[in-house]
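As a plain string of letters, each chain reads:
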Amino acid sequence: MASNSGSEAVSETSRVGVIGSGLMGSGIAEVCARAGLDVIVAEVNATALDSGRARIEKSLARGVKSGKLAEEDRDAALSRIRFTTDLADFADREVTIEAVAEDEAIKTEIFATLDKVVEADDAIFASNTSSIPIMKLGMATARPEHVIGVHFFNPVPVLKLVELVPSLLTAEETKTRAQAFVETALGKQVILSQDRAGFVVNALLVPYLLSAIRMMESGFASAEDIDNGMVLGCAHPMGPLRLTDLIGLDTTKAIADSLYSEFKEQLYSAPPLLLRMVDAGLLGKKSGRGFYQY
Ligand code: CAA
């Protein structure tokens, strides 16, 4: 695989669609709108759209409060985002970024629908998946050469990285245009990964998170001490259990399951405590309780 030498190309993308307005989708929509792009956000129903809009407003308000975002820029960003429950509204989108839950059946259905509704032959269909093969999403369409993984990190407005993941069938031109979009339009930094479960970051991060859960489960150390160990001893911005709460325990389990099913290595297998907490609805920050209370 060619190394990432940075994109010289200027992005000409102005119309973006984001599917899903959870933690990641709302962050991606916010970043696109703040970059001056015209954004449509799609959700399954009005309630989900309302919470997505509230999430974006809260994050923008945070920017205003910290003095990093002017009130008029907040208003301008919000005015660039339209909300819909109908994917037919994506007909004129140049780039669509799918960011729904890690469910292969739902994602492939969305890609099949996009293939039918998006008009431009060269439109890019991107997925923010962290673990589902891009090849599977590409094959749900009649244009796998235009399908690519564009994986953001949480919190999206804060973290600079985007993993760019071409499949075996992604066209070189799609890769170049997606990289220009991410780097020049959104101001993020790209690293390239092959289409393997977990890509670069999660393949390294998730075994570490699972080890911390195993350590706590076995009574080796408390959650606070494990987290303090990595924050104070290794200067990580947050410890592994608090980070699992931020990512979501359900998402962490979904990524671990994909890694395990791809590589069959024990270090990727989800420990029983994680499984029970997901069953109990203790999903982390988004549900109000995970390893900590919120
Ligand atoms: N939206 C917008 N801005 C946010 C934000 C959010 N959700 N969360 C934090 N910020 C901003 C704050 O406004 C603040 O900005 P200012 O300096 O302008 O005030 C800045 O980020 C720092 O935030 P805080 O002072 O509140 O708190 P902090 O210094 O403890 O940082 C953190 C919080 C940014 C979350 C930091 O702890 C961090 O980077 N943690 C690690 C996160 C991480 O590893 N993420 C990757 C997860 S893996 C993933 O996403 C991939 C996957 O597929 C699972």
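Everything numeric here is computed off the predicted structure, so don't read it as measured data.

Trainee: Help me out: how do you make sense of the UniProt feature "domain: 3-hydroxyacyl-CoA dehydrogenase C-terminal" (unreviewed entry) in the protein chain in this one?
Mentor: Per the UniProt entry, the sites bearing "domain: 3-hydroxyacyl-CoA dehydrogenase C-terminal" (unreviewed entry) are residues 198-294 in this numbering. Along residues 198-294 the backbone is 62% helical and 0% strand, and the end-to-end C-alpha distance reaches 28 Å.

Trainee: Before we go on, may I ask you to explain the pairing of strand E2 (residues 38-42) in this structure?
Mentor: Walk down a regular strand and you will see the side chains alternate between the two sheet faces. Among the 5 residues that make up E2, 4 are buried, leaving the element largely enclosed by the rest of the structure. Bridging between strand E1 (residues 15-19) and E2 involves 5 bridges; their strand directions are parallel. Counted as the bridge partner of Gly-17 is Ile-40 from E2. Of the crossover connections in this fold, the one passing from E1 over helix H1 (residues 23-34) to the parallel E2 is right-handed. Pairing analysis gives 4 bridges linking E2 to strand E3 (residues 81-84), with the strands arranged parallel. From the neighbouring strand, Ala-42 faces E3, where its bridge partner is Thr-84.

Trainee: Any chance you could explain unusual backbone geometry here in plain terms?
Mentor: The bulk of non-glycine residues show a negative phi, and the bulk of peptide bonds are trans. Across the junction of Asn-154 and Pro-155, the peptide omega takes the value 5°, indicating a cis bond. Looking at the secondary structure, you find Pro-155 in the loop between strand E6 (147-152) and strand E7 (161-166).

Trainee: I keep staring at the domain arrangement of the protein chain and nothing clicks. Help me out?
Mentor: Size of an interface, as often reported, equals the accessible area lost when the parts are brought together. Structurally, the protein chain comprises domain 1 (15-192) and domain 2 (203-286). Computed over C-alpha atoms, the centres of domain 1 and domain 2 are 26 Å apart. Facing 6 residues of domain 1, the contacting portion of domain 2 comprises 8 residues. Grouping the constituent residues of the side of domain 1 that touches domain 2 by class yields 2 nonpolar, 3 polar and 1 charged.

Each value, and the rule that gives it
- Residues numbered from 1 in each chain as written.
- Predicted model: local features only at pLDDT ≥ 70, side-chain atom pairs only at ≥ 80, totals over all residues.
- UniProt positions renumbered as here; feature names shortened; annotations may be inferred.
- Helix = DSSP H or I, 4+ residues; strand = E, 2+ residues; numbered from the N terminus.
- Buried ≥ 20, exposed ≤ 12 C-beta atoms within 10 Å, placed from the backbone.
- Pairing = 2+ DSSP bridges.
- Right-handed = clockwise from strand over helix to strand, strands pointing away.
- Domains from an automatic or database assignment.
- Contact = placed C-beta atoms within 7 Å.
- Nonpolar A, V, L, I, M, F, W, Y, C, P; charged D, E, K, R; others polar.

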